[in-house]
Amino acid sequence: MPTETILITGALGQIGTELSTHLADVYGKQNIILTDLRQPENFETDLTFESLNVMDAKKLGILVDKYKVTQIYHLAAVLSASGEQDPLFAWQINMEGVLNVLGVGKEKNLNKIYYPSTIAVFGLDTPKTNTPQNTIMNPNTVYGISKLAGERWAEYYFKKYNLDVRSLRYPGIISYKTPPGGGTTDYAIDIFYHAAEEKKYECFLTENTQLPMMYMPDAIRATLELMESPAENIKVRSAYNLSAISFSPKEVTKAIQTHIPNFKVSYKPDFRQAIADSWPMSIDSSVATRDWGWNFEYTLEKMTEDMLVNLKNKVDFDNI
Ligand code: AKB
């Protein structure tokens, strides 16, 4: 494999912390450059770290030159729930960020760009179940609007400048290593932490709110498989629908209760309910399967068991 040097934006976030270790395994530690607005305080890493605000195109260009970067994974973004607290700021970060990355990618002739999209690009007019790859979108959160605009820009840069940009519409991602920040699907992670620590949880979505979800190992594998596929197989240059499991708070509670029978959940929906209600309940990712062989591995039961085992170890360790 030819040497690639990969710069990751938002590298200290939920996906960045895990993706970076996998990329380091594949491409070598010396070839991974982590960047984030925050400093890596409690994050132990032997990878190179540089502080970067994604709105600073000049510094991004300087880092690309300094490390002879050949690929960028642009993970920095403001998510759905946080975005609604300060919509113009979210728009600025999300749009300037992706435009800066695409601009630098074109200017420096980079080999590949990864740009995550989301199920938030769909809206109330979208078919709710088994949502097709191409359908009516009409997102109504600033996060969804900005990600849909980013998808269009990704395809534009590919068609107009031949920049190899690839993207996935992630569902809610569940993991135990790094907490997420500011998403609507975050309840599906909080619920596991509360089950492991306190045996009770107050959920901010109603019990029957069904949403598409995925366990982190599947999300990482999907990202690497997409990025490693031959360019001619990548027929979708906006973003691929990506699906695994779909569940409601009630269903994940039931799965947790098979391990922790006295776990109790109460419901107090807040502003995030309207966001969740505007999203699909399940996603059709058959186009991803056709083009680059996507298949998920983790069912709700398999994920629940793995989450609880790992969180128990983490809670025990934190209490030492
Ligand atoms: C969010 O809830 O905002 C994210 C997402 C579905 O993209 N997890």
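Residues numbered from 1 in each chain as written. Predicted model: local features only at pLDDT ≥ 70, side-chain atom pairs only at ≥ 80, totals over all residues. Heavy atoms only, no water.

Enquirer: Residue-level account of the domain arrangement of the protein chain, with values.
Expert: As assigned here, the protein chain comprises domain 1 (6–171 + 214–241) and domain 2 (173–213 + 244–283 + 298–311). On a C-alpha basis, the centroid separation for the pair domain 1 and domain 2 is 24 Å. At the interface, 32 residues of domain 1 touch 31 residues of domain 2. Summed over both sides, the interface between domain 1 and domain 2 buries roughly 2,800 Å², with carbon and sulfur atoms accounting for 61% of that surface. Looking only at domain 1, the three residues that lose the most surface to domain 2 are Q14, M214 and Y215, adding up to 28% of its buried area. Between domain 1 and domain 2 we count 18 residue pairs in polar contact (both at pLDDT 80 or more) in total. Every element with two or more residues in the side of domain 1 that touches domain 2 is listed here: α1 (14–27), α3 (80–85), β11 (211–215) and α7 (216–228). At 5 residues, α3 tops the list of elements feeding residues into the side of domain 1 that touches domain 2. (Domains from an automatic or database assignment. Contact = heavy atoms within 4.5 Å. Buried area = accessible area lost by both parts, 1.4 Å probe. Polar contact = N/O pair within 3.5 Å; in protein donor to acceptor, adjacent residues only side chain to side chain. Helix = DSSP H or I, 4+ residues; strand = E, 2+ residues; numbered from the N terminus.)

Enquirer: Hey, could you go over the site of the ligand for me, with residue numbers and the actual values?
Expert: Around the ligand, the structure places L79, S80, T118, I119, Y143, G183, T184, T185 and W279. T185 has a polar side-chain atom sitting 2.9 Å from a nitrogen atom of the ligand. Its free accessible area being 260 Å², the ligand has 93% of it covered by the protein chains. Tallied by class, residues from the shell around the ligand come to 4 nonpolar, 5 polar and no charged. (Near = heavy atom within 4 Å. Areas by Shrake-Rupley, 256 points an atom, 1.4 Å probe, with all protein chains shown as cover. Nonpolar A, V, L, I, M, F, W, Y, C, P; charged D, E, K, R; others polar.)

Enquirer: Just give me the short version of the sheet that holds strand β4 (residues 71–74), but keep the residues and values in it.
Expert: Reading across the sheet, the 6 strands line up as β3-β2-β1-β4-β5-β7 and stay open at both edges, with parallel pairing between neighbours. In this open sheet, the two strands that pair with only one neighbour each are β3 (48–51) and β7 (165–166). As defined by bridge partners, strand β5 (residues 112–114) adjoins β7 across 2 bridges and the pair is classed as parallel. The residue bridging Y114 from the neighbouring strand is R166, located in β7. Relative to strand β2 (residues 32–36), α1 is tilted by about 160 degrees, and along the sheet it contacts β1 (6–9), β2 and β4. Its contacts with the sheet put α7 on β4, β5 and β7, and the angle it makes with β5 is roughly 155 degrees. (Pairing = 2+ DSSP bridges. Axes fitted to C-alpha atoms, helices over the stretch in contact; angles between N-to-C directions.)

Enquirer: Quick rundown of the nonpolar core? Include the residues and the values.
Expert: Counting 76 residues, the largest nonpolar core has I174, Y187, F192, F247, W292 and M303 as the members making the most contacts within it. When residues in this core are grouped by element, the largest group, 8 residues, is from helix α6 (residues 187–197). Here this core spans two domains, since at least three of its residues come from each of domain 1 (6–171 + 214–241) and domain 2 (173–213 + 244–283 + 298–311). Not counting the four nearest positions on each side in its chain, I174 is found in contact with Q14, A188, I189, F192, M213, M214, Y215, M216, F247, M303 and M307. Formed by 21 residues, the second largest nonpolar core is a distinct cluster that contains V69, V104, L110 and A154. (Core = buried A, V, L, I, M, F, W, Y, C linked by side-chain atoms within 4.5 Å. Buried < 20%, exposed > 50% of the residue type's maximum accessible area, 1.4 Å probe, protein only.)

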